[in-house]
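A structural walkthrough
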Amino acid sequence: MRKPIFLVLILVILSCQSKKSEKPQNAELNTETEIIQPEKLVLNDTVVYLSGDNDLALIKLTLIPNGTFDFYMSIYPEPMQDAEPESDIINSNGTWSGNGKTVSLNFAERKKDTLNLNDLFDSNYKEGNEFKVINKNTVEIDYSLDKLNIWGISCHKSEK
């Protein structure tokens, strides 16, 4: 009597195991046909693009986790000018959105002067597809890169 019960238990266990091995195969087939949407980029820390040592300008682009950004640029005065040196400062801000690959920066409208994104993000100085000017207020940057050229100056990315 024990032998038939034991055989039935073995058959039940084996049949359950074969069903378990079928499930991953079916799940694998389903994931191949799924369309995976890129996830929205969420920052836990502030991300800063900061210019390295150069004779032209100090540049700082700060992406803040709340979906806003600050852009600061101080253009150094030319050293051989007879007049008293003055540095030009550009302060701007706006909102950003993106995924793991790209971030879209939407600069706020400026009342005093116009900020020309084609000058700041000059295609003559970009390496590959690191940025693309979309319109007069919007530029898209490649967030996956550790360096971005702004005004022809290398700005390195760091988290704070």
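Rules used in this analysis
Residues numbered from 1 in each chain as written. Predicted model: local features only at pLDDT ≥ 70, side-chain atom pairs only at ≥ 80, totals over all residues. Heavy atoms only, no water. pLDDT = per-residue confidence, 0-100. Contact = heavy atoms within 4.5 Å. Helix = DSSP H or I, 4+ residues; strand = E, 2+ residues; numbered from the N terminus. Buried < 20%, exposed > 50% of the residue type's maximum accessible area, 1.4 Å probe, protein only. Salt bridge = Lys/Arg side-chain N within 4 Å of Asp/Glu carboxyl O.

Some remarks on the confidence of the model for the chain
Looking at the chain, pLDDT values average 80 and 69% of them are 70 or higher. Overall, residues 19-23 carries pLDDT values under 50, and its contacts beyond four positions in sequence, including any with other chains, amount to 0 contacts.

Side note on unusual backbone geometry
Even without being glycine, Trp-151 reaches a positive phi, approximately 60°. Within the fold, Trp-151 resides in the loop between β8 (147-150) and β9 (153-159). Classification of Trp-151 as partly exposed rests on a relative accessible area of 29%.

A short note on the pattern of salt bridges
One pass over the full model with this rule turns up 2 salt bridges. In this structure, Lys-101 engages Asp-142 in a salt bridge whose closest nitrogen and oxygen atoms are separated by 3.0 Å. Of the two residues, Lys-101 sits in the loop between β4 (88-98) and β5 (102-107) while Asp-142 sits in strand β7 (residues 138-142), which places them 41 residues apart along the sequence. By relative accessible area, which is 47% here, Lys-101 ends up partly exposed. Lys-147 is the salt-bridge partner of Glu-127, the closest N and O atoms lying 3.0 Å from each other. In this pair, Glu-127 sits in the loop between α2 (117-120) and β6 (131-133) while Lys-147 sits in strand β8, placing the two residues 20 residues apart along the sequence. The class of Lys-147 is partly exposed, set by a relative accessible area of 23%.

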